[in-house]
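Structure assessment
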Amino acid sequence: MQRIAIAERPDWRASAERLGFQFHTLEGEPYWDERAYYAFSLEEIERDIETPTGEVHELAMDLVGDVVQDESLLRRLAIPEPYWEWIATSWREASPHLYGRMDFAYAGDGSGPAKLYELNYDTPTSLYEAAFFQWLWLEEQVARGALAQGSDQYNLIQETLIEAFATIAKRLPRPLYFSAVRESLEDQGTIAYLADCAEQAGLATRKIAIEDIGLSEDGRYTDTDDYVIEALFKLYPLEFMFAEPFGAALPASRLVLIEPPWKAILSNKGILPLLWQRHEGHPNLLPAFFDDKPEEALPAGWVRKPLFSREGANIELRTNDGDTQRSDGPYTDAPYIRQAFHPLPKFDGGYPLIGSWVVGDRACGLGVREDASLITQDTSRFVPHVIR
Amino acid sequence: MKRSRQLALLAIAQTPWLLVGCDGSSAPQEVTKQGFYTSIDACQHDGNSAEVCQRASNSASTAGTNTAPRYKSKAECIAEYGDLCTEREHESGGFWMPLMTGFMISQLLSPGRAPVYLDSNPIYRNRTGQYTEVYRDRGGGLAGGVGTRPVDIAPNRAITVSRSGFGSSAAARSGWGGSSRGG
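First things first, this report covers the structure right here in the doc. (Residues numbered from 1 in each chain as written. Chains lettered and ligands numbered in written order. Predicted model: local features only at pLDDT ≥ 70, side-chain atom pairs only at ≥ 80, totals over all residues. Heavy atoms only, no water.)

1. Quick look at the overall build of chain A
Helices and strands together make up the secondary structure of chain A, namely ten helices and 21 strands. Against the compact-globule benchmark of 21 Å for 388 residues, chain A has a radius of gyration of 21 Å, which places it among compact chains. Along the first, second and third principal axes, the C-alpha atoms of chain A reach 60 × 50 × 35 Å. Evaluated residue by residue, chain A yields a buried proportion of 68% over its 388 residues. (Helix = DSSP H or I, 4+ residues; strand = E, 2+ residues; numbered from the N terminus. Rg over C-alpha atoms; globule rule 2.2 N^0.38 Å. Buried < 20%, exposed > 50% of the residue type's maximum accessible area, 1.4 Å probe, protein only.)

Here it is in structure tokens:
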């Protein structure tokens, strides 16, 4: 794995805006960054990323079945009791799921296996840029001669998404609504892209802001014209929905939700200690435990994460030398876990984190995000990759 | 090769877009979009033009006179479709058939072009409230190869009594980061 500088395509911003990538720059800061790329060998991709992703995915899926029928574990994961039965039913009935992203710390050949930081299995983002714009970058750079003919990329993400939509289409009422927070350019861009993939799979789609969803007298969710929403893809955390006024209506609404209710278990950082408990010593897992004393000082060599944190918020990290780094955020209302400190590798541009995608149940591609600090946050930049 | 040979964007690009990659050898594919509507209004509501919706409704209705399930007696039709039955005159004697309660449009989406209308089929509602469509087995011809199958959609309107019951966590946590989700 290497970081290699390369000239930007002169017209990439215009392409981005023409092709639905309005969030290439966020709040004045670059998000898409093609001044460099990460180069992997095929072996690094297949042996170190793709295979472990498939393996960890299976371990995680195996866990769901145990957790849904164990009240003490559901409580441990801080999942509210009124949703337990609904979550368990969705698992028993195999409610279809679409996708997830695993984040790995990985430095390349010789430095040891990729280590799982966390699963983002409910509302993973950086999807469009990984699945589409990164692919376009490679094709155009090869066509321009800036990358060698025969350069490849680990990226079957979009094609696998369309297949996955086509597979679950049979079980979905139509149309499938796509929903996210109205004011988020990035989230709106991501659901527009997902809806595009669904349409390519033959599904009829509509969009609605999450704030605009209504509730009918008989407990069903509605769109702004009072049509019943029977199938909803939401880029909005399940645990937010649980805590909000309309959440109580979820179990009885008969809504087909994507991601499905059982993803509440896999998007929860409590999955990390549970995985470690069952598979202690697995080469791709880091030691992790529930942290019942978050008020105590964190010992050197450990990272403290809230069960529900997103985008690297509210993470506290103590390096092996005892240096402390902390990220701010709003997720102060849930229990915590501790995970063994395992630093991201350092390259010229900062610290890259590997986002490895699972669509349906297939490991199918990756995206790299770089941050200037050891904690990857929403300030990170997406950097494309190549297999050579 | 560990990447896709070709990718398309239909709706989010300014115009439908398709690129066959450097190593791509297959022909660009086209995509069919289906939509089930119980009225011309509902069809337009879903972003289709008035013209396409009217045409789809008419052609489904015409198709229905040829392909709808036929019953010798009113009682047989009612047993299946309840009140939604109608009588038709025919040279070889009259028959009973269900009334169309909606239509399914198929449109072809392809790069660089507006959606192309393909066809439209009638949808019926049986007495249990299930929407059904007529299908024809390939090669089965009209005789024997025809059946009905359920359309996986329920009645699609209800009275909304409140809104904005979702979204407050994002608002409460805003001012930090650009969005509500992520990871």
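2. A word on the overall build of chain B
Scanning chain B from N- to C-terminus turns up four helices and ten strands. Each helix and strand of chain B, ordered N terminal to C terminal, gives the series β-β-β-α-α-α-β-β-β-β-β-β-β-α. Evaluated residue by residue, chain B yields a buried proportion of 43% over its 183 residues. Surface exposure of chain B reaches about 9600 Å², of which carbon and sulfur atoms provide 47%. (Areas by Shrake-Rupley, 256 points an atom, 1.4 Å probe, with all protein chains shown as cover.)

3. Here's the deal with the sheet that holds strand E7 (residues 176–180) of chain A
Residues and elements named next belong to chain A. Overall, parallel pairing links the four strands, which are arranged E8-E7-E11-E12 in an open sheet. At either end of the open sheet lies a strand with only one pairing partner, and these are strand E8 (205–209) and strand E12 (256–258). The sheet shows a mean angle of 25° between the axes of neighbouring strands, taken without regard to direction. Running at roughly 165° to E7, helix H7 (residues 185–200) makes contact with E7, E8 and strand E11 (231–234) of the sheet. (Pairing = 2+ DSSP bridges. Axes fitted to C-alpha atoms, helices over the stretch in contact; angles between N-to-C directions. Contact = heavy atoms within 4.5 Å.)

4. Remarks on the sheet that holds strand E4 (residues 36–40) of chain A
Residues and elements named next belong to chain A. The strand order across the open sheet built from three strands is E1-E4-E21, with neighbouring strands paired in mixed fashion. Each edge of the sheet is formed by a strand with only one pairing partner; in this case those strands are strand E1 (2–5) and strand E21 (385–387). Recorded for the sheet is a direction-independent mean angle of 35° between the axes of neighbouring strands. Inspection of the sheet shows E1 paired to E4 by four bridges, in the antiparallel sense. In the strand pairing of E4, Ile4 is matched with Tyr37. In the packing of helix H2 (residues 42–68) onto the sheet, contacts are made with E4 and E21, and the angle to E4 comes to roughly 75°. The strands touched by helix H5 (residues 127–144) within the sheet are E4 and E21, with E21 carrying the most contacts at an inclination of about 60°.

5. Here's the deal with the environment of Tyr99(A)
Residue and element names in this part refer to chain A. Mapped onto the elements of the fold, Tyr99 is located in strand E5 (residues 99–105). Residues Tyr99 and Leu176 lie 77 residues apart in sequence; the distance between their C-alpha atoms is 16 Å. Excluding anything up to four places from it in sequence, Tyr99 contacts Tyr121, Pro124, Leu127, Leu194, Phe233, Leu235, Glu259, Lys263, Trp357, Val358 and Val359. At a separation of 3.4 Å, a polar atom in the side chain of Tyr99 contacts the main-chain carbonyl oxygen of Pro124. (Polar contact = N/O pair within 3.5 Å; in protein donor to acceptor, adjacent residues only side chain to side chain.)

6. Let's talk about the pattern of salt bridges
Residue and element names in this part refer to chain A. Going through the model one piece at a time under the given rule, you end up with 30 salt bridges over all chains. Two residues, Arg381 and Glu370, come together in a salt bridge whose shortest N-O distance is 3.0 Å. Of this pair, Arg381 sits in strand E20 (residues 381–383) while Glu370 sits in strand E19 (residues 362–371), placing them eleven residues apart in sequence. As far as burial versus exposure is concerned, Arg381 and Glu370 are alike and both buried. (Salt bridge = Lys/Arg side-chain N within 4 Å of Asp/Glu carboxyl O.)

7. As for the interface of chain B and chain A
In this assembly, 56 residues from chain B lie in contact with 89 residues from chain A. Carbon and sulfur atoms supply 53% of the area buried between chain B and chain A, which totals about 6200 Å² over both sides. Two residues, Lys2(B) and Glu46(A), come together in a salt bridge whose shortest N-O distance is 3.0 Å. Sorting the residues of the side of chain B that touches chain A by element identifies strand E1 (6–9), strand E2 (17–20), strand E3 (31–37), helix H1 (40–45), strand E6 (102–109), strand E10 (160–163) and helix H4 (168–172) of chain B as the ones contributing at least two each. Among the elements that line the side of chain B that touches chain A, the one with the most residues is E3(B), at five residues. For the side of chain B that touches chain A, the class distribution of residues is 24 nonpolar, 22 polar and ten charged. (Buried area = accessible area lost by both parts, 1.4 Å probe. Nonpolar A, V, L, I, M, F, W, Y, C, P; charged D, E, K, R; others polar.)

8. Some points on a negative patch on the surface
On the surface, a cluster of negative charge is made up of Glu55(A), Glu58(A), Asp62(A) and Asp361(A). Following the sequence through the fold, Asp361(A) ends up in the loop between strand E18 (351–359) and E19. (Patch = residues over 30% accessible without salt bridge, like charges linked within 9 Å, V, L, I, M, F, W, Y side chains within 5 Å. Lys, Arg positive; Asp, Glu negative; His and termini not counted. Charge placed at Lys NZ, Arg CZ, Asp CG, Glu CD.)

9. Considerations on the state of the cysteines
As enumerated under the stated definition, the model contains two disulfides over all chains in all. The disulfide partner of Cys43(B) is Cys53(B), and the S-S distance across this bridge is 2.1 Å. When the S-S torsion is -80°, as for the bridge of Cys43(B) with Cys53(B), the disulfide is left-handed. One end of the pair, Cys43(B), is in helix H1; the other, Cys53(B), is in helix H2 (residues 50–67), and ten residues separate them in sequence. Of the two residues examined, Cys43(B) and Cys53(B), each falls in the buried class. Disulfide partner of Cys77(B): Cys85(B), at an S-S distance of 2.1 Å. What sets the handedness of the Cys77(B) and Cys85(B) disulfide is the S-S torsion sign, and at about -95° it is left-handed. Side by side, Cys77(B) and Cys85(B) carry an identical accessibility label, which is buried. In chain B, the bonded cysteines, taken in the order they occur along the sequence, pair up as 1-2, 3-4. Left without a disulfide partner, Cys197(A) is nearest to the cysteine sulfur of Cys364(A), which lies 11 Å away. (Disulfide = S-S within 2.5 Å.)

10. Structural notes on the nonpolar core
Counting 88 residues, the largest nonpolar core has Ile87(A), Tyr221(A), Leu250(A) and Ile265(A) as the members making the most contacts within it. The greatest single-element share of this core, amounting to ten residues, is contributed by H2(A). Once residues within four sequence positions are removed from consideration, Leu250(A) is found in contact with Tyr83(A), Trp86(A), Tyr221(A), Met241(A), Phe242(A), Leu255(A), Leu257(A) and Phe166(B). (Core = buried A, V, L, I, M, F, W, Y, C linked by side-chain atoms within 4.5 Å.)

11. Quick look at the packing of helix H6 (residues 157–169) of chain A against H7(A)
Residue and element names in this part refer to chain A. Close contact between H6 and H7 brings their axes to 8 Å; oriented N to C, the two are set at 60°. Judged on the interaxial angle alone, H7 and H6 are oblique. In this structure, H6 crosses over H7, and the sense of that crossing is right-handed. Here Gln158, Leu161, Ile162 and Phe165 of H6 come into contact with H7, specifically with Tyr193, Leu194, Cys197, Ala198 and Gln200. The residue inventory of the contact of H6 with H7, partitioned by class, reads seven nonpolar, two polar and no charged. (Parallel < 35°, antiparallel > 145°, perpendicular 65-115°, else oblique. Left-handed = near helix turned anticlockwise from the far one by under 90°.)

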